[in-house]
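Below, each chain spelled out in residue letters.
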Amino acid sequence: MLFTLFKLVSLIRLVCSSELELKNILFENYKPDIIPDNTVQIKLGLAIRSLNNINQIDGTISSNVWLRHWWNDKNLKWNETKWNISKISAHTNHELDRSIWTPDILIYNTAEKPMDELLKTNVMVYSNGDIIWSRPGMLRTSCVVDLENFPFDTQTCSYKFGSWLYDKSQIDISNVDNPIDLTNYQSNQEWSIINSEHYIEEKVYKCCTETFQSTFYKITIKRKYGYYVLNIILPTFATSTLMIICLLIPWDSGERISYAVTVMLSIIVFLLILSENLPKTETKPLLSKMLIGLVFFALFIVYSTVFIGIMHYYTKKNSKVAKSIISILDKYNLSCKRKNSEPDSDSIDSTISEEEIHKKDCDNLAIIVERLFTSVFFVIFAIYCIVMFSLRP
């Protein structure tokens, strides 16, 4: 038992000493600031671990990613059979000893310092010179958010990577077979990834004559709208149905106007809650259209209630306003006055005054107008609800 343990320790020491000797030889004349070949073939891949925060107000997306690089450095080759070592690790931080050359791949559409949150981890170097470098960390990138169909919207966000210094003749960028790796993706509570795509772009910038390459990784995400349906849409439309009940309250109870105003203010509260979660742009989100329409319906109820109340009140009080309304209606043949309202001498109602006849008929007219408002409102409100929900993508 002791002999086996001693043999294992000796083997470990031998391997460590061999790796140390190999590194001393490899890095003796190695220059980490010199590109290892005239043209280095760089393969890139992006593994998305999670979407931590999608800020639609700032137009940014924060992601937990692993940025992967593959390339070959001909200056870091050795005979695997001779050394009995298939791979070694090396530093990428040039402030440390035995660091290697690494491509200056940066993210172009960053919303903060480029690559500041990605760790400069060690690389794995194989005997044939192949190098694998995986950089874990957070990326905060800009993402233009289109909220026209909010909260039933679908967004497309991209990550643009490329070399800042080297052009295509020095670094040739390509993607691996599986450029966007979602194997270890942790689902987001508000968004789900429904599609991904990638492509290489070549562009000549105004500053330079060389052609620079960049690779795009695009993800299409769809909002999970259950929260907005449960907490805003259903309560708001349920509250708006109380407007119909408002029209059924007797006008002389004195509660109709206060009830109508309360319903309108309740809908405005939901609109204020929504505005806190939206950017201040000219875009008209679908949910905002829904709530604004309900606010106007509530205003219509308030105005119609006031108008009908005025009709009842001023005809009940024998005032100049009542007489003016009666005269205007008579002038345009919208008469509150009965066609055969002339009192009959033999009739029991012959003692009823002309003004009382006017008042009674105007009360009847107010009731007719009220019923007309109720019918028109119900039809328009039903059509509005159908149209709004049909606009959902």
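The following paragraphs examine the structure supplied in this document. Just so it is clear, the model here is predicted, and its values are computed rather than measured.

Scoring rules and cut-offs
Residues numbered from 1 in each chain as written. Predicted model: local features only at pLDDT ≥ 70, side-chain atom pairs only at ≥ 80, totals over all residues. Heavy atoms only, no water. Core = buried A, V, L, I, M, F, W, Y, C linked by side-chain atoms within 4.5 Å. Buried < 20%, exposed > 50% of the residue type's maximum accessible area, 1.4 Å probe, protein only. Helix = DSSP H or I, 4+ residues; strand = E, 2+ residues; numbered from the N terminus. Contact = heavy atoms within 4.5 Å. Patch = residues over 30% accessible without salt bridge, like charges linked within 9 Å, V, L, I, M, F, W, Y side chains within 5 Å. Areas by Shrake-Rupley, 256 points an atom, 1.4 Å probe, with all protein chains shown as cover. Salt bridge = Lys/Arg side-chain N within 4 Å of Asp/Glu carboxyl O. Disulfide = S-S within 2.5 Å. Pairing = 2+ DSSP bridges. Axes fitted to C-alpha atoms, helices over the stretch in contact; angles between N-to-C directions. Parallel < 35°, antiparallel > 145°, perpendicular 65-115°, else oblique. Nonpolar A, V, L, I, M, F, W, Y, C, P; charged D, E, K, R; others polar. Expected span 1.5 Å × (residues − 1). Arc of directions from axis to C-beta.

Focus on the nonpolar core
Move 1: Leu 51, Ile 100, Tyr 159 and Phe 161 are the most contacted members of the largest nonpolar core, which has 45 residues in total.
Move 2: Broken down by element, the residue count for this core peaks at seven residues, all from strand β1 (residues 40–55).
Move 3: Contact partners of Ile 100, with chain neighbours within four places excluded, come to Phe 27, Tyr 30, Pro 32, Trp 71, Leu 76, Ala 90, His 91, His 94, Val 123 and Ile 131.
Move 4: Counting residues in each nonpolar core, the second largest holds 34 residues, with Leu 147, Ile 233, Leu 278 and Val 295 among its members.

Here we look at a nonpolar patch on the surface
Move 1: Together, Phe 378, Val 379, Ile 383, Val 387 and Leu 391 make up an exposed nonpolar region whose accessible area comes to about 450 Å².
Move 2: Assignment of secondary structure puts Ile 383 in helix α8 (residues 354–390).

Focus: the pattern of salt bridges
Move 1: Across all of its chains, the model carries six salt bridges by this definition.
Move 2: Among the ionic pairs, Asp 181 bridges to Arg 68, the shortest N-O distance being 3.1 Å. Highlighted residues: Asp 181 in strand β8 (residues 171–181) and Arg 68 in strand β2 (residues 60–72), separated in sequence by 113 residues.
Move 3: Across the pair Glu 201 and Lys 160 runs a salt bridge whose closest N-O atoms are separated by 3.7 Å. Of this pair, Glu 201 sits in strand β9 (residues 191–203) while Lys 160 sits in strand β7 (residues 154–163), and the two are 41 residues apart along the sequence.
Move 4: Taken together, the shared-partner salt bridges connect Asp 153, Glu 190 and Arg 223 into one network.

Focus: the state of the cysteines
Move 1: Following the criterion strictly, the structure yields one disulfide and no others.
Move 2: Disulfide partner of Cys 143: Cys 157, at an S-S distance of 1.9 Å. Here Cys 143 and Cys 157 share a disulfide; its torsion about the S-S bond, -75°, makes the bridge left-handed. Of this pair, Cys 143 sits in the loop between β6 (130–142) and β7 while Cys 157 sits in strand β7; the two residues are 14 residues apart in sequence, bridging distant segments of the chain.
Move 3: Since its relative accessible area comes to 5%, Cys 143 is described here as buried.
Move 4: On the basis of relative accessible area, Cys 157 is assigned to the buried category, the value being 2%.

Some remarks on the pairing of strand β5 (residues 123–126)
For a regular strand, side chains alternate in direction, first toward one face of the sheet and then toward the other.
Move 1: The alternating pattern of β5 places Val 123 and Val 125 on a buried face, while none of Met 124 and Tyr 126, on the opposite face, is buried.
Move 2: In this structure, strand β3 (residues 87–90) lies alongside β5, joined through four bridges in antiparallel fashion. Across the sheet, Lys 87 pairs through a bridge with Tyr 126, a residue of β5.
Move 3: As paired elements, β5 and β6 share two bridges and run antiparallel to each other.

Concerning the packing of helix α3 (residues 226–240) against helix α5 (residues 256–275)
Move 1: Between α3 and α5, whose axes approach to 10 Å, the crossing angle comes to 170°. Compared by their axis directions, α3 and α5 come out roughly antiparallel. Across the interface between the two elements, Asn 231, Ile 232, Pro 235, Thr 236, Thr 239 and Ser 240 from α3 touch Val 263, Ser 266, Ile 267 and Phe 270 from α5.
Move 2: For the contact of α3 with α5, a count of residues per class yields five nonpolar, five polar and no charged.

Focus: α5
Move 1: Taking 1.5 Å as the rise per residue, α5 with 20 residues should run 28 Å; its terminal C-alpha atoms sit 29 Å apart, in good agreement.
Move 2: Where α5 is concerned, the buried positions are Arg 256, Ala 260, Val 263, Met 264, Ile 267, Phe 270, Leu 271 and Leu 274. Projection of α5 onto a plane perpendicular to its axis shows the buried side chains occupying an angular sector of 110°, all on one side.

Focus: the environment of Ala 90
Move 1: Within the secondary structure layout, Ala 90 lies in strand β3.
Move 2: Each C-alpha atom, one on Ala 90 and one on Met 124, is 6.6 Å from the other, the two residues being 34 residues apart in sequence.
Move 3: Once residues within four sequence positions are removed from consideration, Ala 90 is found in contact with Phe 27, Arg 98, Ile 100, Asn 122, Val 123 and Val 125.

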